[in-house]
Structures are given as C-alpha cells and as structure tokens.
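Chain by chain, the residues run as shown.
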Amino acid sequence: MGLRRRYLPLAGLLAAVIGVQLAASATNSTFYLTQLTMAAYYCLVIIGLCLLMGYAGQISLGHAGFFAIGGYLSAALTSHNFTAVSDTLLMRTLDRAGLLLHHQSLYGDSLLSLQPWLAFFIAIGVAVLIAFVLGIPVLKLKGHYLAMATLGFGIIIYRIVLAAEFFGEADGISEVPPFQLMPGLAVSGDFSARVQNYYIAWALLLFGLLLLLNLINSRMGRALRAIHGSEEAAEAIGINTARAKLYTFVISAAFAAVAGSLLTHFNGGIGPSEASVMKSVRYVAIVAVGGMANLWGAMAMGIILNFMSLRGMFGSYDDAVFGGVLLLIMLFAPQGILSLRLKNILWAKRPMTGK
Amino acid sequence: MLELYSVHKYFGGLHAVDGVSFRVAPGSIKALIGPNGAGKTTLFNLIAGVLPVSSGNITFKGRQIQGFKPHRIAALGMSRTFQNIKLCHGMTALENVMLGRHIRSSAGLLAAMLNLPRTWREERDIRHRAMELLELLGIAEFAEVEATSLAFGQQRAVEMARALATEPELLLLDEPASGLNIYETAEVARLITRIRDMGITVLLVEHDMSLVMDISDEIVVLSFGAKIAEDRPEAIQKNPEVIRTYLGETEEASA
Amino acid sequence: MEFSLFLQYLFAGITYGIIYAIVAIGFNIIYNTTGIINFAQGEFLMLGGMISISLLQVMPLPLAIAAAVAITMVVGALIQMVFIRWIENPSVLRMVIITIGISILIREAALHIWGESVRTLPYFIGSSVTAVTLFGTRISPQVLIVIGTCSIMVLFLSIFFRYTSLGREMRACAANRRAATLCGINVKNMVTFSFMLSAGIGALAGAVMSPITYSQYDNGTGLAIKGFTVAILGGLGNSLAAVAAGLFLGIIEAFSITILPLAFQDAVAIAILLLILFIRPHGLFGSSEAARLKEF
C-alpha cells in the first residue's frame, strides 16, 4: 500500500525529466540541459546529506570534502601520466587486466593513465574508507563539536588539494578524459553528448532517490529517525546507534563521492573551490531549505537553487545568497520552506471558527 | 534473572549509589523506592548501561553486563521505559512501536535500500506485531496518530508497547505512574500485573506508594544511595527504619 | 637550532598564540552566557582590522582603532538583537547554522566593501624593518604591541569578571540562567552584552595584529577554527586555560614550519583539534564529569 505512494512521485519526476528534455530540444535550448545535468549531480550530494542531517540528525560541514575526494581522485588517476612507473608490478598487472589506457599526447609522447572505471572505484573506495575511519570518532561528538570536527575535516581536504602538486594546487586538474560507462554511453562535456549526459545524471539521481526513499521507510530508517529523536531511547530498544550513524555517514559520503567523480568527468576538470567550506555550507543550506528531514524538499531545492546559481542569476552575490537563505530559513522556518507555505495555505483555507 | 552485587557509583565526590546488592527473581515484580535523590534513577541507568558502574557487579541471566552498551543489554532481553517519556517526534504511535521490533528483525541498510521481497515481507510482519501490541494495551485506535501529540497516559502506553515489542524477559519501568491520575494509575497497575503474568519479569522505580504496595512481590528501599531494606510489601510497611527515613518523611510532608 | 632563531620562532608562536587565545576567550564569553558557539567569532577580528584600515584615512591611528572597536561592538550587539535574542529554546544545530549564516553574510559584505585585496595597517612604531633587540634577537615592536595589548585584555577581563558587578552578573548567567533571572538579572541584556564584549576584544586584537598578519575579507574562518581549537584544548568556558592552550598551539604551529611545508600549517591546528575532540573533548584541563553536565 505504501509502495505506490512511494514510487508514484518518482514516476512523475521521471516524466518531468523527459518532458523537460523534449521541450528543450524542440525549442533549441538544450544549453539549459547542461546546467540541469550539473544540478542533478549536486543534488546527489544533497540527498545524501539530507539522509545524514535530516534523518540521522548528524550535521556535516565537510561534505564538499567527500565530493572533492571523489572528483580529484578520478581526475588525477585518469589524467596523470603514469608512464614513469609503468614497469612496476602493480601497473603491469593492471595493464594485463586491461585497466590502463594507452594514448598519445598532442606532441606524440605516449601517455599511460588509469581506466575511468578503475579510477572511479578507487575514488569511491577511498572516500568510503575515509568516511569510515573518520566517522568512528567524529560521530561520537554532538552539536558544536560535531560541526567543528567535520568543518575541520573539510578544511584539511581543501588544504591538501590546494597544496599538493598531484592535485594541481590552485589550478586544479583540467583535461579530464570522458568516462566511457559502456560502449556508446559516456560521461563527457561534449556538446553532442548533452542529451545523453542529461539522462545519465538524472537516471543516477532518480536511482539514488529511490534507494534513499526505500531506506527511510525501512527498519533502518525508523532507527535513524529514533536516533534523531533521542539517542538514549534508541539505545534502550536495542538500536546500535553508533553503527547506524556510522553507516549513514558512509552512505552519504559515498553519494557525494560518486557525484564528485561523475561531475568531474562531465566538466572535464575540477578546481579547489569544489572542496571549499563554502561548498559544504551550501549543501547544508539547501538541505535546510528543503526541510531537513525531507528528501523531496531537499531534491527540489537542490535543483532550483543550483540551477539558478549555475545560470549565474546570483552574480557576485552567489555565496551571500546561500548564506542569507540559510540564515533566513533557520530563523523563520526551521522546518523548511515547504512547511512554511503549506502551513500558510492551510491557515488561509481554514474557516474562522469563532465560538 | 537480574543480580546486583555491591554496586557503587561516584559522581566526582558524590557517592550516588553505595554498595547496593539485590536480586530480581524470574517472573516477579520488584519495586525500587526511596526519597528523592536516593539514587533510584541512577541505579536504573547503571542497570540499563546508560551510566558505567564505578565498582561492583551486575549480572543479567547469569551474564555480567557492566560495561555493555545499552543496545547490547537491550538485545539480551532487557527493555525499559523512561520517567520523562521518550517517544520519537514525527512518528506515529504505530511507528514508535514498530521501532521496538528493531532487534527482532534483520533487514540491513543495503537490503532496505534495494527493498528486497524479504525486506517488505519482514516489514509487514513488524507492522502486524506492533498493531497487536497496540491492541493489547488498548490504544489501537491511535495507531496512525503522531505519538507525541497523544494524551500523557496514552503516551505512556505507547512507550510500554514499544518496550514490549522488543520481547523482553526483564522490563524496567521508570516511574510508570508519574503524571497519571488515580484511574490511569489503577490501569497501569492492572497492566503491569498482566505483563508479569505473560512471563515477563518487572523491575520498577515508583513514587506512588499505593501502586507499589499493591502490585510488588518484593520491595527494595534506598536512602542516600544505600539499601536500607528489602522485603515483601507488608514487611516493608512495618519496617521501623523505612518508616523513619521514608514514610515518616512523607507523612511529615503531608501533615 | 640557533638560539636567536629559536627565539624568533618562539615570539612568532606567542604572538599568534595570544591572538588565538583572544578568539577563544571570545567564544567562551558567548558560550558561557548562552551555550552557543558563535561561528562568526573570527569575523569580528576581520572587521576590527578592516574598519581600522578604512578609518585611518580620515583620522589618526588610535582614534581609528577605537572607532573600529566601537563599530564592531555595535555589529556584535546588532547580531545578537536581530538574529538571536528573540529565539526561544533553539536547538544547538539551529544555532550552529544561524551563526554560520551570519559569518557568511559578514564575510560577503566585507568582500563587496573592501574587495579581495590584502590590506594592512601601518606598523604602529617605525616600519616593517624597525626592530628592538630582546634576549639577543631582533624583534619587531609590533610583536610586543600585540602581546602586550592581548595580555592587558586578558588581565582586564579577569578583573572585570571577578570584581565588577556587571561581570559577576554575567558569571551568574553562566552558572545558572534561571537562578540569575530569579535574582533580577536581565539575562537577555547580559547575552547582548556578551556579544558586544566578544566583538570588542576580537576587533581590538584584529586591529593590532593587522600590520603583522594582514587583513583580508576571509581571514575569519581560519581564526575561528584555531580559536575554537584553543577553546576546546582549554576546556570550553575556561578562559585562563584558553590562554595557556593558545600559547601552546601558537608555538607548535610556529615550530611546525621547520619540518612541514608552510601550506600545511593550518592542517596542524586542525589535526590537533580533531585529535583533542576524539581523545579529550572536555579539554586538557577540564574534567569529564563536569563536561557531562553541560549541554553540548
């Protein structure tokens, strides 16, 4: 019974996604699809963070760090030249397994880099591992302490990508090759592949949303909400709160890393601003605007705000807009912007029942 | 069932629990009473694993449990309610009780995310069992109401249903009658004896003397963290030391 | 290591350390009266520096700094009155996010007013090459001004909290808000005042440090996280311990560049923060039992 209510909106969203593409193609405005593709990837980070913040009740001010781990590792491993170390046992084994790519630079030098799939799995694996190792001590913290610890993690990642030559320092990494998912389907920023990439990103987002919707309506989802309510009560009925929080943290980090990896291939590069604290705050802001414990709200706001931001509608006030939005929402509608409107509508519709 | 041996708890310089020993026999109702600040709730928290003991032993079903996390103790078959009811905000009464089935079900994160057939079958069973418990406690009609918006007595019932949903062998009740009127208290008394008759051992902390005297098989009296008496209700009422430190005090207060 | 070089590092460490201590004390003052960690604390230092630099064009240095401190105190009071005063029983998460939002708005406003350029106040005495000889090593007088000013502030604050009635009232709020209310103390005004005080000491520190550390619109975040590290190291709310912890962090940072690349200097502080949070979240000097009693 609940299943139809859970899946029907997803079908509606899918129809809207197709509708937007058809409309954009028909009106010759497919350039909108580029921003919608990027927004979809950012949304993947946001719904993952929504699970962590809204449902498990744990704030993370370091999610841009996980996005950056995914993006930077994918970028570095697929675009660096590993010819110098091609003789090592590891590289030879990888080569024999067909996981390396041989190609030539513009000047005819031979280049050797990792297959994007391999780089992808390494990037996600590293992000998951870091989330796991970091999460064990960090998630014991609460409130300010948790906020500062995750913020600290984010800043460390930012400093590393900014200082390490391997990650291109202040310039970041560019000329990241396309990610051939399967023959005929690649994540790339090619103009000709616009429509295809729009569907890849949205299919992934829909799938991610489906997974999380299932999760929050399950035994583990209830457990997470219980932890949010009262950890003491959750423990008393046998929920291993430390483990549940840790797994949620890892899942949400994995969502961020997947988005980071694919968006980097789509953009063809990544820069240090993707790892900045401001990006993390932006993700938190969008989850807050969407209503914290509201996956659909987070998704809707993620698409709208990211699309507007990517279209440059906020101009040089981009960060200020997100800071302001965050502040206003927390001041006047901590339950999210949707709750506000819904409540007002109900209020207006209810007839005055004076006694 | 449950055995405490020489349990001590210090908070800095404060000796909150001072060498308390007692045992709870299977299938009995045992009550813990004492004046305010006697260390009853602290002792409860020690048993449930919320606070670590400073020294001494606590065994549950023959196993030492001090140092265990609360969720492990719960998984062993000990469940509890709270003095200030802790229901989950934003969840219906039914969902709150379904939460109690957590340790009796198994779907993990991955299975849940993929919503495998096994997962939704299990989910259906959880819902079914939770509904049964709501019926048992006479609050089935509120199943779909948000739990925290219910009346106080109904919230207590939901919390008790949630504790029962874990299928405990020992149920810890922290002041189950606080905030209830005399009718509701009588209802709770009936309920507790019914739970005992289902084969569940009960340990409760309570202020309401009439409730304690009516339903308990045995009573432990605490004062300033130490046990001063342990006996059957009739004997406790006659115990001079108890009358002096506890009942005497309440009489003076009510006089 | 040569002794005079050692002293150079030591003085650099003390200079930064005492600034971190001032940020930490700013955190503590607000934390004690409200239970809130004000994530915008670092922005007060940035404002103090930036406003002094702008005012210097129309008035002499001491006046410019005094005015900058006064303006920042007004900003502090406004922040509290506009965003915080009227919220009843906010959750910690909500307050964390609100103060983060405030810090972003201040930073973005600073970006639009002053741009991205790095600015600085002139050295108060002499120029960047002026130096005094101390224990056989040459030190900029500005370093001594920073250390001196911050030390005086610490002294002033401890006298203020111990011996003045206003200071005692603020401590009463810290100990027990409800009891303080019952004693006729206007807790809300105390909170406003704690924001002003925090902003004021931050602005003064930000102004005197400007010739050495420079001022830029985004200085605040780094200072905030280091000040927070120091506050945690000393145990939240304990201001004297914060001074010790600040010097400790400053000196470690200063010497870290002898073995680590400069770019990782910030990472040292954060690594210490994470370590301390994991091992002793109640601080090096605090007790775990006391920490349990506080709300996090």
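Residues numbered from 1 in each chain as written. Chains lettered and ligands numbered in written order. Predicted model: local features only at pLDDT ≥ 70, side-chain atom pairs only at ≥ 80, totals over all residues.

### Side note on helix α12 (residues 295-310) of chain A
All names here are of chain A.
Part 1: Here α12 is 16 residues long and its end C-alpha atoms lie 22 Å apart, about the 22 Å a rise of 1.5 Å per residue gives.
Part 2: Residues Leu295, Gly297, Ala298, Met299, Met301, Gly302, Ile303, Leu305 and Asn306 constitute the buried set of α12.
Part 3: At the C-terminal side of α12, Gly312 shows a positive phi close to 75 degrees. (Helix = DSSP H or I, 4+ residues; strand = E, 2+ residues; numbered from the N terminus. Expected span 1.5 Å × (residues − 1). Buried ≥ 20, exposed ≤ 12 C-beta atoms within 10 Å, placed from the backbone.)

### Thoughts on the environment of Ile286 of chain A
Residues and elements named next belong to chain A.
Part 1: Among the secondary structure elements, Ile286 is positioned in helix α11 (residues 277-290).
Part 2: Look at Ile286 and you get buried, because 30 C-beta atoms sit within 10 Å.
Part 3: For the pair Ile286 and Leu326, spaced 40 residues apart in sequence, the C-alpha to C-alpha distance is 7.7 Å.

### Brief notes about the interface of chain C and chain A
One frequent convention defines the size of an interface as the accessible area lost when the parts assemble.
Part 1: Contacts between chain C and chain A engage 29 residues on the former and 30 residues on the latter.
Part 2: Of all the elements in the fold, those that place two or more residues in the side of chain C that touches chain A are α4 (92-114), α9 (219-234) and α11 (265-279) of chain C.
Part 3: With 12 residues, α4 of chain C is the largest single contributor of residues to the side of chain C that touches chain A.
Part 4: For the side of chain C that touches chain A, a count of residues per class yields 24 nonpolar, two polar and three charged. (Contact = placed C-beta atoms within 7 Å. Nonpolar A, V, L, I, M, F, W, Y, C, P; charged D, E, K, R; others polar.)

### Let's talk about the sheet that holds strand β2 (residues 14-24) of chain B
Pairing between the strands of a sheet comes from backbone hydrogen bonds, and it takes one of two forms, parallel or antiparallel.
Residue and element names in this part refer to chain B.
Part 1: As summarised here, the arrangement of the four strands in space is β2-β1-β4-β5, forming an open sheet in which the pairing is antiparallel. With one partner strand each, in any of the chains shown, β2 and β5 (63-64) form the two edges of the open sheet.
Part 2: Here seven bridges tie strand β1 (residues 2-11) to β2, and the two strands are oriented antiparallel to one another. What sits directly across from Tyr10, in β2, is His15.
Part 3: Docked against the sheet, helix α1 (residues 40-48) engages β1, β2 and β4 (55-60), running at close to 65 degrees with respect to β2. (Pairing = 2+ DSSP bridges. Axes fitted to C-alpha atoms, helices over the stretch in contact; angles between N-to-C directions.)

### Section: helix α5 (residues 117-136) of chain B
Part 1: If you check α5 of chain B, its first and last C-alpha atoms are 29 Å apart, about what 20 residues at 1.5 Å a residue would give, namely 28 Å.
Part 2: For α5 of chain B, the set of buried residues is Thr119, Glu122, Glu123, Ile126, Ala130, Leu133 and Leu134 of chain B. Down the axis of α5 of chain B, the sector holding all buried residues measures 115 degrees, keeping them to one side. In α5 of chain B, the exposed positions that point more than 90 degrees away from the buried face belong to Pro117, Arg121, Arg124 and His128 of chain B.
Part 3: Where the residues of α5 of chain B are buried, they touch α8 (219-229) of chain A together with α3 (93-100), α4 (109-114) and α6 (152-165) of chain B.
Part 4: Trailing α5 of chain B by a residue or two, Gly138 of chain B shows a phi angle of about 75 degrees, which is positive. (Arc of directions from axis to C-beta.)

### Observations concerning the packing of α3 of chain B against α6 of chain B
All names here are of chain B.
Part 1: Interhelical geometry of α3 versus α6 gives an angle of 30 degrees and a closest axis separation of 6 Å. Put simply, α3 runs roughly parallel to α6. Of the two possible hands of crossing, α3 and α6 adopt the one that is right-handed. Between α3 and α6, the contacting residues are Ala93, Asn96, Val97, Leu99 and Gly100 on the first element and Val158, Ala161, Arg162, Ala163 and Ala165 on the second.
Part 2: In the contact of α3 with α6, the residues fall into seven nonpolar, two polar and one charged. (Parallel < 35°, antiparallel > 145°, perpendicular 65-115°, else oblique. Left-handed = near helix turned anticlockwise from the far one by under 90°.)

### Concerning the nonpolar core
Part 1: Within the largest apolar cluster, 287 residues are counted, with the highest numbers of intra-cluster contacts made by Ile46, Ile47, Ala259 and Val287 of chain A, Val97 of chain B together with Ala21 of chain C.
Part 2: If one sorts the elements of this core by residue count, helix α2 (residues 31-55) of chain A sits on top with 18 residues.
Part 3: Composition of this core by domain shows at least three residues from each of domain 1 (1-77 + 168-255) and domain 2 (87-166) of chain B.
Part 4: Setting aside chain neighbours within four positions, we find Ile46 of chain A in contact with Tyr283, Ile286, Val287, Ala298 and Gly302 of chain A. (Core = buried A, V, L, I, M, F, W, Y, C linked by C-beta atoms within 7 Å. Domains from an automatic or database assignment.)

### Quick word on the sheet that holds strand β10 (residues 226-231) of chain B
Residues and elements named next belong to chain B.
Part 1: Ordered in space as β6-β7-β8-β3-β9-β10, the six strands form an open sheet in which the pairing is mixed. Each edge of the open sheet carries a strand with a single partner, namely β6 (78-80) and β10. On average, each strand axis in the sheet is inclined to that of its neighbour by 20 degrees, with strand direction left out of account.
Part 2: As paired elements, strand β7 (residues 170-174) and strand β8 (residues 201-205) share five bridges and run parallel to each other. Looking at β8, one finds that Asp174 is bridged to Val205.

### Focus on unusual backbone geometry
Residue and element names in this part refer to chain A.
Part 1: The backbone phi angle of Glu169 is positive, close to 45 degrees, even though this residue is not glycine.
Part 2: As for its placement among the helices and strands, Glu169 is situated in the loop between α6 (143-163) and β3 (173-174).
Part 3: In this structure, Met292 takes a positive phi of about 60 degrees despite not being glycine.
Part 4: One can find Met292 in the loop between α11 and α12.

### Overview of the confidence of the model for chain C
Residue and element names in this part refer to chain C.
Part 1: Of all residues in chain C, 94% have pLDDT values of 70 or greater, and the mean over the chain is 86.
Part 2: Per-element confidence in chain C is highest for helix α2 (residues 41-55), whose mean pLDDT is 95, and lowest for helix α12 (residues 288-293), whose mean pLDDT is 44.
Part 3: Scored below 50 in pLDDT, residues 289-296 makes 12 contacts in the model with residues more than four places away or belonging to other chains.
Part 4: Taken over the whole predicted complex, pTM reads 0.88, whereas the ipTM for its chain interfaces reads 0.84. (pLDDT = per-residue confidence, 0-100.)

### Thoughts on the pairing of β10 of chain B
Residue and element names in this part refer to chain B.
Part 1: Both strand β9 (residues 218-223) and β10 contribute to a ladder of five bridges, which runs antiparallel. From the neighbouring strand, Ser223 faces β10, where its bridge partner is Ala226.
Part 2: Hairpin connection, β9 to β10: the antiparallel pair is bridged by two residues, and Phe224 has positive phi, about 50 degrees.

### Some words on the pairing of strand β1 (residues 100-104) of chain A
Residues and elements named next belong to chain A.
Part 1: The element β1 is largely exposed, with a buried count of zero among its five residues.
Part 2: Summarising the sheet, β1 and strand β2 (residues 110-114) pair through five bridges and their orientation is antiparallel. Along β2, the bridge assignment pairs His103 with Leu111.

### A few points about the confidence of the model for chain B
Part 1: Confidence in the prediction for chain B averages 87 pLDDT; 96% of positions are at 70 or higher.
Part 2: Segment residues 251-255 of chain B is flagged for pLDDT under 50; beyond a separation of four residues in sequence, or across chains, it makes zero contacts in the model.

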